[in-house]
Amino acid sequence: MNRRKKLGVVAATALALTVTAPAAGAHSGHRPAADPARATLPAGDGWASEGAGTTGGSAADASRVVTVTTWEEFRAALEAPGTEPRIVKVVGTLNATADGCAAFEAPGYDFARYLADYDPAVWGYENGVSGPQEELRAASATAQGQAIKVKVPANTTIVGVGRHAGITGGSLQVQGVDNVIVRNLTLESPLDCFPQWDPTDGATGAWNSEYDSLVVYGSTHVWIDHNTFTDGAHPDSSLPSYYGEVYQQHDGELDVVRGADLVTASWNVFTDHDKTLMIGNSDSAGATDRGKLRVTLHHNLFDKVVERAPRVRFGQVDAYNNHFVVAGPSYVYSLGIGQESQLVAEKNAFTLASDVPAGQILKKWKDAPVTTSGNYVNGRPVDLLAVHNEQFPGEALRADAGWTPVLRTRVDHPLAVPVLVALHSGAGRAR
């Protein structure tokens, strides 16, 4: 690039940043509340602002505001009866598995015995595993699930206090309720102590795990803001292998499934994970999901995630102003086009490693239309649909998702997005 052209690019980038960079305290589209626990989703800020909007527990009486410092206190605060607004403030890191995996083991469960019993050289690949050790594994898994899953009631705000609040090994279940806010937390993915071996999963079998950091299941009006989702101390690279397959102990980071609707996820960080964000978990769930799963994703950082950022079925999903940092060679795709999905992906920024082609950003799972416009790859505008269809002509996608998002409070130039997201997204930055 000659000097004059280079200076022009720098100037254009600086102009974009000057025009679109938010004033202090305004980066999430609203004036910050005096107390972040009292914040509500701004009007027009994504699908969760539709209708009555999302206020969580912002109106809670003083008697319904609880500060917790342990996982046990956290569970108790959420299990307290009543649907009146409540606020749960998290101080420090709550550890849902502080006593280790041994605390959940059913008497008689022996992992070495499990490995010996279901070794493919003995068991084969034709049938799913069964027998005493599988039953004990399942019982152990049930005990872990009961300990680490916690249901979030309606009209609730969960908020981290300061820069170092979070949950390790827990799974927040927003199930069958309305009006929930989760903000300012570092959520370290639960580590499944008892993955199941499935010899029939693929040609050489697979280890299958459970537990997402956060699940929105059949719920409405949910705002997920300024959180950091991470594998933390246990990245996939640290996991062992058995039977020649990775002993996978992670599931997703965030799932929006089974009739969930009206969700906004903003200014979050999703990092170093495989199957990251799923919207709709089954092609056969049309009875519950069709016409729902309306989700907005904006100003999130997807940092070196492998796939599902997101994968979409059925829903009208608006993904704009997100930054995707992609590293090879494990990368699979970012935006998954699935059963009856209607994804709009506009004005996002992609930073791709040199060995990752832009056509790989989209992935066709089922025939469905997608809208892609105004996206930038490595600082240049790229037609994501065109480059995908050129690279994968046998998996060509159709244009035009068939709807136009209107619930957006601000739209930044894609050149400004990497800087804005780096400065303002993730836990410890909510206002």
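Note that the structure is a prediction, hence the values are computed from the model and not measured.

Engineer: It is not clear to me how the overall build of the protein should be interpreted in this structure. Could you clarify?
Structural biologist: When you go through the protein residue by residue, the secondary structure sums to eight helices and 33 strands. Along the first, second and third principal axes, the C-alpha set of the protein runs to 70 × 60 × 45 Å. Out of the 431 residues in the protein, the part that is buried amounts to 54%. When the 35 positive and 47 negative side-chain charges of the protein are each reduced to one mean point, those points stand 10 Å apart.

Engineer: Help me understand the environment of Arg 313, please; the structure alone is not making it clear to me.
Structural biologist: As for its position among the elements, Arg 313 is in the loop between strand S23 (311-312) and strand S24 (316-320). By relative accessible area, which is 8% here, Arg 313 ends up buried. The sequence separation of Arg 313 and Ser 341 amounts to 28 residues, and the corresponding C-alpha distance is 4.7 Å. Excluding residues within four positions of it along the chain, Arg 313 makes contact with Met 278, Ile 279, Gly 280, Asn 281, Ser 282, Asp 283, Leu 293, Gly 338, Gln 339 and Ser 341.

Engineer: What should I look at first to understand the nonpolar core in this one?
Structural biologist: Among soluble globular proteins, nonpolar side chains are generally buried collectively. Counting residues in hydrophobic clusters, the biggest one holds 79 residues, and the most contacted among them are Phe 74, Ile 224 and Ile 361. Beyond its immediate chain neighbours, meaning those up to four positions away, Phe 74 contacts Val 68, Val 88, Val 90, Leu 94, Val 150, Ile 158, Ile 167 and Leu 172. Membership of the second largest hydrophobic core comes to six residues, among which are Trp 47, Leu 262, Ala 401 and Leu 407.

Engineer: It is not clear to me how the sheet that holds strand S31 (residues 376-377) should be interpreted in this structure. Could you clarify?
Structural biologist: Strand-to-strand pairing in sheets goes through backbone hydrogen bonds, with the strands running parallel or antiparallel. The sheet built from ten strands is open, its strands ordered S3-S6-S9-S14-S19-S22-S25-S28-S31-S32 with mixed pairing. Each edge of the sheet is formed by a strand with only one pairing partner; in this case those strands are strand S3 (93-95) and strand S32 (380-381). Across three bridges, strand S9 (residues 186-188) lies against strand S14 (residues 228-230) in parallel orientation. Within the sheet, the bridge partner assigned to Glu 188 lies in S14 and is Thr 230. Sheet strands touched by helix H8 (residues 417-424): strand S22 (301-303), strand S25 (323-326) and strand S28 (349-352). Its angle to S25, the strand with the most contacts, is close to 90°.

Engineer: Looking at this model, I keep getting lost on the side chain of Asn 268. Mind explaining?
Structural biologist: Within the element layout of this structure, Asn 268 appears in the loop between strand S18 (261-266) and strand S19 (269-271). A polar atom in the side chain of Asn 268 sits 2.9 Å from the backbone oxygen of Ile 224. Apart from the residues within four sequence positions on either side, Asn 268 is in contact with Ile 224, Asp 225, His 226, Asn 227, Phe 229, His 299, Asn 300, Leu 301, Ser 425 and Gly 426.

Engineer: Is there a simple way to think about the sheet that holds strand S4 (residues 149-151) in this case?
Structural biologist: Read from one edge of the open sheet, eight strands run S4-S7-S12-S17-S20-S23-S26-S29, paired in parallel fashion. Of all the strands in the sheet, the pair left with one neighbour each is S4 and strand S29 (362-364). In this sheet, S23 lies alongside strand S20 (residues 277-279) in parallel orientation, the contact comprising two bridges. Its bridge partner being in S23, Ile 279 is matched across the sheet by Val 312. The strands that helix H5 (residues 132-148) touches are S4 and strand S7 (171-175); relative to S4, the one it contacts most, it runs at about 40°.

Engineer: Would you mind showing me how to read unusual backbone geometry here?
Structural biologist: The general pattern is negative phi for most residues beyond glycine and trans for most peptide bonds. In this chain, Ala 309 is followed by Pro 310 through a cis amide linkage whose omega measures 0°. Inspection of the secondary structure puts Pro 310 in the loop between S22 and S23. Across the junction of Gly 328 and Pro 329, the peptide omega takes the value 0°, indicating a cis bond. Assignment of secondary structure puts Pro 329 in the loop between S25 and strand S26 (335-337). Despite not being glycine, Phe 314 shows a phi value in the positive range, around 65°. On the secondary structure map, Phe 314 appears in the loop between S23 and S24. Even without a glycine there, the phi angle at Asn 321 is positive, about 55°. Its place among the elements puts Asn 321 in the loop between S24 and S25.

Engineer: Even after reading the chapter, I still don't get the confidence of the model for the protein, so can you show me in this structure?
Structural biologist: In low-pLDDT regions, the fine details of the predicted coordinates are not to be read closely. On average, residues of the protein score 92 in pLDDT, and 92% of them are at 70 or above. Taken together, the stretch residues 1-26 has pLDDT below 50 and engages in 26 contacts with residues farther than four places along the chain or on a different chain.

Engineer: Explain the state of the cysteines to me, please; I cannot follow it from the model alone.
Structural biologist: Joining two cysteines, a disulfide is a covalent bond between their sulfur atoms. The tally for this structure, following the rule as stated, stands at one disulfide. The side chain of Cys 101 participates in a disulfide bridge whose partner is Cys 193; the two sulfur atoms lie 2.0 Å from each other. Here the disulfide of Cys 101 and Cys 193 is left-handed, its torsion about the S-S bond being about -75°. With Cys 101 in the loop between S3 and helix H3 (111-117) and Cys 193 in the loop between S9 and strand S10 (196-198), this pair connects stretches of sequence that are 92 residues apart.

Cut-offs and rules
- Residues numbered from 1 in each chain as written.
- Predicted model: local features only at pLDDT ≥ 70, side-chain atom pairs only at ≥ 80, totals over all residues.
- Heavy atoms only, no water.
- Helix = DSSP H or I, 4+ residues; strand = E, 2+ residues; numbered from the N terminus.
- Buried < 20%, exposed > 50% of the residue type's maximum accessible area, 1.4 Å probe, protein only.
- Lys, Arg positive; Asp, Glu negative; His and termini not counted.
- Charge placed at Lys NZ, Arg CZ, Asp CG, Glu CD.
- Contact = heavy atoms within 4.5 Å.
- Core = buried A, V, L, I, M, F, W, Y, C linked by side-chain atoms within 4.5 Å.
- Pairing = 2+ DSSP bridges.
- Axes fitted to C-alpha atoms, helices over the stretch in contact; angles between N-to-C directions.
- Polar contact = N/O pair within 3.5 Å; in protein donor to acceptor, adjacent residues only side chain to side chain.
- pLDDT = per-residue confidence, 0-100.
- Disulfide = S-S within 2.5 Å.

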